[in-house]
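Residue-level structural notes
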Amino acid sequence: MIGIPLKKYASEHGLKTDGGFAYGTLHGYRVALDDGPNIKRMFLFTRFADETQQAAFDAMLNGSDAVTRYRIQTREYRDDRLLFVFTDKMGTMTLIGEFIDWLLPQLPQLGMEADVCSHCGMQTSGSGIWAVIDGLPLYTHESCLRSKADAIRSGEERAKEELTGSYLRGFVGALLGGLLGALIWGAVMYFNIIAGIIGFLIGLFAEKGYNLLKGKQGKGKLAILIVVILLCVFIGTMFGEYIACVKAMHEEGITQISSLEMFRLILQQSDVRSAILKDFLLGLLFAGLGVFGLLARTRRETADTSIIILK
């Protein structure tokens, strides 16, 4: 995602915006920028020929106090790109623009090539394409992108073939773990306490149970965990209502009918059903908030690599 300052900079400097990035050519070099939580990132698509060239680059940055002046939080050098992370405060985009105008014109003096493919390191002669792979941008030959995509897909297919475990065993394990969380959920409901941490426990126990019983680590894992969490929130809600009914029955001295029969009669009352529905929906809300991060992580772990060609 890119904010207004970055969009303005992109418009003023002829950069395109797509896929959450502003990208294009600045001072002859391929650059991509994006926004993050309290940071901005700049991807510079060039590479060091050797350690001597990298040492000269670092000396140039350190000698001019660029790290402090331009709010550079971290920098990372890879074979296919240089990454700069900036602390994002008021005026940071202006400083990044100044950093770009200061740094890039000096790169040819260091012998750092422009217009190079992220994959093979060869010149693209202006015929490269932009893409985003798993949230990271790259500039590459079209043929290199196809080769990289084919390698990624082949690796994923091999990984899927090597997956062991069973969705059925995983479901049983997730259900057993989720039921443990549901019992705790019902107990805290009985004391009129509803907390997100309990919803988190349902998801945490469900995943632990899934893994302990050797559930298959595929895309079906996420669906199973969602189903189990929904089911266990419902079971926990009903369990809380059940023990409340049993307590009320004992306080009234009613012993002629079973607890289950009393519970059935109470459920026939519309106001009670409405209260149970309200508790269930509230339980889902708190459970969802509690396990959102867990489900998001599971989704990332089981999802295929995302490959997006930018416009």
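Residues numbered from 1 in each chain as written. Predicted model: local features only at pLDDT ≥ 70, side-chain atom pairs only at ≥ 80, totals over all residues. Heavy atoms only, no water.

Let's shift gears to the overall build of the chain. In terms of regular secondary structure, the chain is built from ten helices and nine strands. The globule rule puts the C-alpha radius of gyration for 311 residues at 19 Å, and the 28 Å found for the chain is more than 25% above it. Principal-axis analysis of the C-alpha atoms places the extent of the chain at approximately 95 × 45 × 35 Å. Within the chain, contacts between residues at least 6 apart in sequence are counted, and of these 64% link residues at least 24 apart. (Helix = DSSP H or I, 4+ residues; strand = E, 2+ residues; numbered from the N terminus. Rg over C-alpha atoms; globule rule 2.2 N^0.38 Å. Contact = heavy atoms within 4.5 Å.)

On to the pattern of salt bridges. This model, assessed by the stated rule, comprises nine salt bridges. Among the salt bridges present, the one from Asp115 reaches Arg30, with a minimum N-O distance of 2.8 Å. One end of the pair, Asp115, is in the loop between helix 4 (92-103) and strand 7 (129-133); the other, Arg30, is in strand 3 (residues 29-36), and 85 residues separate them in sequence. With a relative accessible area of 12%, Asp115 lands in the buried category. Notably, a salt bridge pairs Asp58 with Arg75, separated by 3.4 Å at the nearest N-O pair. Note that Asp58 is positioned in helix 2 (residues 51-63) and Arg75 in strand 5 (residues 72-77), a separation of 17 residues in sequence. (Salt bridge = Lys/Arg side-chain N within 4 Å of Asp/Glu carboxyl O. Buried < 20%, exposed > 50% of the residue type's maximum accessible area, 1.4 Å probe, protein only.)

On to the nonpolar core, then. Met42, Leu44, Phe57, Phe84, Leu103 and Leu104 are the most contacted members of the largest nonpolar core, which totals 31 residues. Contributing elements (two or more residues each) for this core: helix 1 (4-12), strand 2 (21-26), strand 3, strand 4 (39-44), helix 2, strand 6 (82-87) and helix 4. Per element, the largest residue contribution to this core is six residues, and it comes from helix 4. In this structure, Trp185, Cys232, Phe280 and Ala287 belong to the second largest nonpolar core, which totals 19 residues. (Core = buried A, V, L, I, M, F, W, Y, C linked by side-chain atoms within 4.5 Å.)

Strand order in the open sheet formed by six strands is 1-2-3-4-6-5, and the pairing between neighbours is antiparallel. Edge positions in the sheet fall to strand 1 (16-18) and strand 5, since each of these pairs with one other strand and no more. Looking at each pair of strands side by side, their axes are set apart by 20 degrees on average, direction ignored. Across five bridges, the pairing between strand 2 and strand 3 is antiparallel. Bridge pairing links Ala22 to Leu33 in strand 3. Of the strands in this sheet, strand 5 and strand 6 touch helix 2, which is tilted by about 170 degrees from strand 5. (Pairing = 2+ DSSP bridges. Axes fitted to C-alpha atoms, helices over the stretch in contact; angles between N-to-C directions.)

In this section: the sheet that holds strand 7. Taken together, three strands build an open sheet; the order of strands is 8-7-9 and the sheet is antiparallel. Lying at the two open borders of the sheet, with one neighbouring strand each, are strand 8 (136-140) and strand 9 (307-309). Sheet twist, expressed as the mean angle between neighbouring strand axes with direction ignored, is 25 degrees. Bridge count for strand 7 against strand 9 is three bridges, and the pairing is antiparallel.

A separate point is the packing of aromatic side chains. One pass over the full model with this rule turns up 13 aromatic pairs. For the pair Phe57 and Phe84, a centre-to-centre distance of 6.3 Å together with 45 degrees between the ring planes defines the contact as tilted. In this pair, Phe57 sits in helix 2 while Phe84 sits in strand 6, placing the two residues 27 residues apart along the sequence. Pair check on accessibility: Phe57 and Phe84 agree, each one buried. Taking the centre distance of 5.6 Å and the plane angle of 70 degrees together, the rings of Phe86 and Phe99 count as edge-to-face. Here Phe99 lies in helix 4 and Phe86 lies in strand 6, a separation of 13 residues in the sequence. (Phe/Tyr/Trp six-rings, centres within 6.5 Å; stacked < 30°, edge-to-face > 60°.)

Most of strand 8 sits inside the fold, with four of its five residues counted as buried. Here five bridges tie strand 7 to strand 8, and the two strands are oriented antiparallel to one another. Bridge pairing in strand 8 links Trp130 to Tyr139. The antiparallel pairing of strand 7 with strand 8 creates a hairpin that spans two residues between the two strands, and Asp134 there sits at a positive phi of about 50 degrees.

This part is about helix 2. Between its first and last C-alpha, helix 2 extends 18 Å over 13 residues, near the 18 Å set by a 1.5 Å rise per residue. Buried within helix 2 we find Gln53, Phe57, Asp58, Met60 and Leu61. Buried residues in helix 2, looked at end-on, bunch into an arc of 155 degrees, giving them a common side. Structural note: helix 2 exposes Glu51, Thr52 and Gly63 on the side pointing more than 90 degrees away from its buried face. (Expected span 1.5 Å × (residues − 1). Arc of directions from axis to C-beta.)

Listed in full, the buried residues belonging to helix 1 are Leu6, Tyr9 and Ala10. Viewed end-on, helix 1 has its buried residues packed into an arc of 100 degrees, placing them on one side of the element. Those residues of helix 1 that are exposed and angled more than 90 degrees off the buried face are Ile4, Lys8, Ser11 and Glu12.

A few words now on the state of the cysteines. Disulfides are covalent bonds that link the sulfur atoms of two cysteine residues. Enumeration over the complete set of coordinates arrives at zero disulfides. For the unlinked cysteine Cys120, the closest cysteine sulfur is that of Cys117, found at 3.7 Å. (Disulfide = S-S within 2.5 Å.)

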